[in-house]
Amino acid sequence: MAEVRMRVNGTARSLDLDPRVSLLDALREHLGLTGTKKGCDQGACGACTVLADGERVNSCLALAVQYSGREITTIEGISAGDRPHPLQTAFVGHDGFQCGYCTSGQICSAIGMLAEHRAGAPSAVTGHLAATGVPLSDAEIRERMSGNLCRCGAYNGIVGAIQEVAATEAAR
Amino acid sequence: MRPFAYVSATDVAGAVRAISAEPGARFLGGGTNLVDLMREDIERPGTVIDITRLPLDGVEELPGGGVRIGALVRNSHLAAHPLIRARYPVLSQAILTGASAQLRNMATVGGNLMQRTRCVYFYDGAADCGRREPGAGCDAIGGFTRNHAILGASDRCIATHPSDMCVALAALDAEIEIESVRGTRRVPLTAFHRLPGDTPHLETVLAADELITAVELPASALAATSRYRKVRDRASYAFALVSVAAALETGEGVVTGVRLALGGVAARPWRAHEAERALLGAPATEESFLRAAEAELAPAVARSQNGFKIELARRTIVATLRQVLTEGGAA
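Residues numbered from 1 in each chain as written. Chains lettered and ligands numbered in written order. Predicted model: local features only at pLDDT ≥ 70, side-chain atom pairs only at ≥ 80, totals over all residues. Heavy atoms only, no water.

- Chain B carries the name FAD binding domain-containing protein in an unreviewed UniProt entry, which gives Sphaerisporangium corydalis as its organism.

- The name an unreviewed UniProt entry gives chain A is (2Fe-2S)-binding protein, with Sphaerisporangium corydalis as the organism.

Details of the sheet that holds strand E1 (residues 5-8) of chain B
Residue and element names in this part refer to chain B.
So, step 1. Taken together, three strands build an open sheet; the order of strands is E1-E3-E2 and the sheet is parallel. The open sheet has two free edges, formed respectively by E1 and strand E2 (26-28), since each of these has just one partner strand. Sheet twist, expressed as the average angle between the axes of neighbouring strands with direction ignored, equals 30°.
So, step 2. With four bridges joining them, E1 and strand E3 (residues 47-50) adopt parallel strand pairing. In the sheet register, Ala5 faces E3, and the bridge partner there is Thr47. (Pairing = 2+ DSSP bridges. Helix = DSSP H or I, 4+ residues; strand = E, 2+ residues; numbered from the N terminus. Axes fitted to C-alpha atoms, helices over the stretch in contact; angles between N-to-C directions.)

Some words on the packing of helix H2 (residues 86-93) of chain A against helix H3 (residues 103-118) of chain A
All names here are of chain A.
So, step 1. Viewed as axis vectors pointing N to C, H2 and H3 meet at an angle of 125°, and their least axial separation amounts to 10 Å. Between H2 and H3, the angle falls in the class oblique. The way H2 lies across H3 gives a crossing that is right-handed. Each of Leu87, Gln88 and Phe91 in H2 lies in contact with H3, whose residues at this interface are Thr103, Gln106, Ile107, Ala110, Ile111 and Leu114.
So, step 2. Residue composition of the contact of H2 with H3, grouped by class: six nonpolar, three polar and no charged. (Parallel < 35°, antiparallel > 145°, perpendicular 65-115°, else oblique. Left-handed = near helix turned anticlockwise from the far one by under 90°. Contact = heavy atoms within 4.5 Å. Nonpolar A, V, L, I, M, F, W, Y, C, P; charged D, E, K, R; others polar.)

Description of the domain arrangement of chain A
All names here are of chain A.
So, step 1. For chain A, the domain assignment lists domain 1 (2-77) and domain 2 (86-171).
So, step 2. Computed from C-alpha atoms alone, the centre-to-centre distance between domain 1 and domain 2 is 22 Å.
So, step 3. Contacts between domain 1 and domain 2 engage 16 residues on the former and 16 residues on the latter.
So, step 4. Taken together, both faces of the contact between domain 1 and domain 2 bury some 1200 Å²; the carbon and sulfur share is 54%.
So, step 5. Summed over the shared surface of domain 1 and domain 2, the number is one salt bridge.
So, step 6. With its nearest N and O atoms 2.7 Å apart, the salt bridge here joins Arg56 to Glu116.
So, step 7. For the pair domain 1 and domain 2, the interface holds eight residue pairs in polar contact (both at pLDDT 80 or more). (Domains from an automatic or database assignment. Buried area = accessible area lost by both parts, 1.4 Å probe. Salt bridge = Lys/Arg side-chain N within 4 Å of Asp/Glu carboxyl O. Polar contact = N/O pair within 3.5 Å; in protein donor to acceptor, adjacent residues only side chain to side chain.)

Focus: the interface of chain B and chain A
So, step 1. Chain B puts 37 residues into the contact, and the matching count from chain A is 39 residues.
So, step 2. Carbon and sulfur atoms make up 51% of the area that chain B and chain A hide from each other, which totals about 3000 Å².
So, step 3. When residues of chain B are sorted by the area they lose upon contact with chain A, Arg39, Arg85 and Gln102 of chain B head the list and together hold 21% of the total.
So, step 4. There are one salt bridge connecting chain B and chain A.
So, step 5. Ionic pairing is found between Arg39 of chain B and Asp41 of chain A, a salt bridge with its closest N-O pair at 3.5 Å.
So, step 6. Our count for the chain B to chain A interface comes out at 23 residue pairs in polar contact (both at pLDDT 80 or more).
So, step 7. Elements that contribute at least two residues to the side of chain B that touches chain A include exactly helix H2 (34-39), helix H3 (75-80), helix H5 (89-96) and helix H6 (101-106) of chain B.
So, step 8. Among the elements that take part in the side of chain B that touches chain A, H6 of chain B stands out by supplying five residues, more than any other.
So, step 9. Considered class by class, the residues forming the side of chain B that touches chain A number 17 nonpolar, 13 polar and seven charged.

Considerations on the domain arrangement of chain B
So, step 1. According to the domain assignment, chain B contains domain 1 (5-53) and domain 2 (227-326).
So, step 2. Computed over C-alpha atoms only, the centres of domain 1 of chain B and domain 2 of chain B are separated by 36 Å.

Description of the packing of aromatic side chains
Residues and elements named next belong to chain B.
So, step 1. This structure, assessed with the given rule, holds one aromatic pair over all chains.
So, step 2. Taken together, a centroid distance of 6.0 Å and an interplanar angle of 80° make the contact between Phe122 and Tyr123 edge-to-face.
So, step 3. For Phe122, a relative accessible area of 1% gives the class buried. (Phe/Tyr/Trp six-rings, centres within 6.5 Å; stacked < 30°, edge-to-face > 60°. Buried < 20%, exposed > 50% of the residue type's maximum accessible area, 1.4 Å probe, protein only.)

Let's talk about the sheet that holds strand E10 (residues 242-251) of chain B
Residues and elements named next belong to chain B.
So, step 1. The strand order across the open sheet built from four strands is E9-E10-E11-E12, with neighbouring strands paired in antiparallel fashion. Each edge of the sheet is formed by a strand with only one pairing partner; in this case those strands are strand E9 (226-231) and strand E12 (270-271).
So, step 2. Of the strand pairs in this sheet, E10 and strand E11 (residues 254-263) are connected by nine bridges, and their pairing is antiparallel. Looking across to E11, one finds that Val244 is bridged to Leu262.
So, step 3. Packed onto the sheet, H5 meets E9 and E10 and runs at close to 20° relative to E9.

Comments concerning the pattern of salt bridges
So, step 1. Applying the stated rule across the entire model yields 37 salt bridges over all chains.
So, step 2. Between Arg118 of chain A and Glu169 of chain A there is a salt bridge, and its shortest N-O distance comes to 2.7 Å. Taken together, the residues span a long stretch of sequence, with Arg118 of chain A in helix H3 and Glu169 of chain A in helix H5 (residues 155-171) at a distance of 51 residues.
So, step 3. In this structure Arg118 of chain A comes out as exposed when scored by relative accessible area, which is 55%.
So, step 4. Linked by salt bridges that have partners in common, Arg26, Glu43, Arg116, Arg131 and Glu203 of chain B make up one network.

Set out below in structure tokens:
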């Protein structure tokens, strides 16, 4: 067994875990945070996306022991008390889901993606890598979010929701 | 997943000491390939040595203009690094076309070099696979071969190397720095991955007790005028059918410098030496590009379902060189 100490959604947590336990299973089975979903369990679908020190990762391929000492944020940790995160509100407004199984991963991924874009990170569809202030077009959003699958096919709503939040942030 | 002992290394000397004492142990970087393979019961290490806390996560400019990349730099951080974007755009582009943003945030440079094939027969424990089990046959031959190699394969294995990053590194003359209890050595990227021959289970020249500590890119004026082009079944988040890394320099209509490498076609990132030889000093024209592509692909062998890759590679080489010629590099 290995001792794992993490801050999860702002709270210090300490767990004694078999090193085989994934970060995803630690969150769901050991901490009861079942908002993060297990889809493929092999890094292909993005349903398990959480933020580690603000960066989006697939928690299914992460061994929990590797993340000892890190700050983990899940879907349960993004609202401000009773006030939903702007992306949560926008996903509802744009019908950015149907069954909802991929939604927590989509939203955590979008939070990470918007931070990457703000930091100036390029994507595979960014024409000139040296360019700065690349606008977050629909094509950019689709490419940057391609690690999150939605088998209901709510992609148009997902892109619309992210576009709305990105525009609000940019206007600020 | 089988049980394993977990060790977290805090310095390079400790990491290489730990692995030299534990034959069969594996270094764990981002885990995006190794954890999956352990879950599939293909990798079965008795000990996992976590190296993600080693201080190997820097990208530094070298005197003379080259760049040194620590083995634990995350793929996403490398792709977004200003030095790489400006001087080696083909490398940023290659990384950004690989995997997903989440995986790129986890995956390390050293781990990317050590990626194992995505051949479905390699992943299927019930299939015959000499890459997985030394001496076994190859169920891919005679099976579904659409994604398999057209260059450098053998009758023991027709798998391809999955990395995009390594294709750019092959074109850029990258060198790999390797550490063990015996000392430090350097290996050119193009000599790091092995072709299958009769021993497909030997995938790289890395010994079981060696650790990749860095990748160095030499200074290159040519590298700034470079691009990566990847052709795949989906527009994003898919492995390459064929990919091309190209850097090109011309003067008075003649090719004065060229670097070319292919992905998705062989068990290693394929530096296209024949094409480069055909291009150097030739007129920078569509005809030269086509002749060069044909020279490189002359030894290509089609299997039952992947013959299209030969034509696809020919066209993608020509299209990528044409784009670098007319539009310049991606920087």
